[in-house]
Amino acid sequence: MLKHITWHEFLLAATLLTFLWYISVILLLFRKELKRLLTGKKNGAEKRPHSGTKENDLDAEQTESVDDDLMGKTKLPEGMSVMGMDEFSFRKRDEEHKEKMLGNIPDLLEEMKQLFQILKDEEGTKEDFLILMDGFKPRLKAIRTNSNQQSLNEFITRHAPFPLSERELENFWE
């Protein structure tokens, strides 16, 4: 009996049976998705009215995605919220102030290095140093922040050819 079946007939029957199998699986297991595909609806968007806020839209989408879930919708941890990309941004800084800070501090350090070198070469005294540092006072006031003051004071004490007291360092910033 198998001698009477040709390869062409066998492949045609196998293809037809495979096609019928997949159609029946799709009809039985994916009824909702097939109905939505044929009617042109997207995830039930026509069912709900537009609420106007993105957060409510996201909550509605999450609710629809867990319709069949026995546990219900998951709750976000306390203090956490869902935001859209357009709602999230970093703080804008004053670009002019940033440029001013980046330009002034390195220039000031370079001039101080030159001052220390001159004092070393000319064998300057502490009084000479304090007089020369008076020229830096307006520029030091312009860049005064706690971190800048602390780091510049450390730089001055490290490079000065003589010890400086805390009061003398404070006088530079007044």
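Relevant structure appears above.
Given the structure is predicted, the values throughout are model-derived calculations rather than measurements.

Parameters and conventions
- Residues numbered from 1 in each chain as written.
- Predicted model: local features only at pLDDT ≥ 70, side-chain atom pairs only at ≥ 80, totals over all residues.
- Heavy atoms only, no water.
- Core = buried A, V, L, I, M, F, W, Y, C linked by side-chain atoms within 4.5 Å.
- Buried < 20%, exposed > 50% of the residue type's maximum accessible area, 1.4 Å probe, protein only.
- Helix = DSSP H or I, 4+ residues; strand = E, 2+ residues; numbered from the N terminus.
- Contact = heavy atoms within 4.5 Å.

Chemist: Report on the nonpolar core, specifying residues and quantitative values.
Modeler: Core analysis: the biggest nonpolar cluster contains 19 residues, and Met-112, Phe-129, Met-133, Leu-140, Ile-156, Leu-164 and Phe-172 have the highest contact counts within it. Among the elements of the structure, α4 (95-122), α5 (126-133), α7 (146-159) and α8 (166-173) are those that each provide at least two residues to this core. No other element matches α4, which puts five residues into this core. For Met-112, the contacting residues outside a window of four places in its chain are Met-133, Phe-136, Leu-140, Phe-155 and Ile-156.

Chemist: I'd like a description of the environment of Leu-119, backed by residues and values.
Modeler: Within the secondary structure, Leu-119 is located in helix α4. A relative accessible area of 5% means that Leu-119 is categorised as buried. Between the alpha carbons of Leu-119 and Leu-132 there is a distance of 9.8 Å; along the sequence they are 13 residues apart.

Chemist: Account for unusual backbone geometry, with residues named and values stated.
Modeler: A positive phi angle, near 55°, is found at Glu-123, a position not held by glycine. You can see Glu-123 is positioned in the loop between α4 and α5. For Glu-123, a relative accessible area of 68% gives the class exposed.

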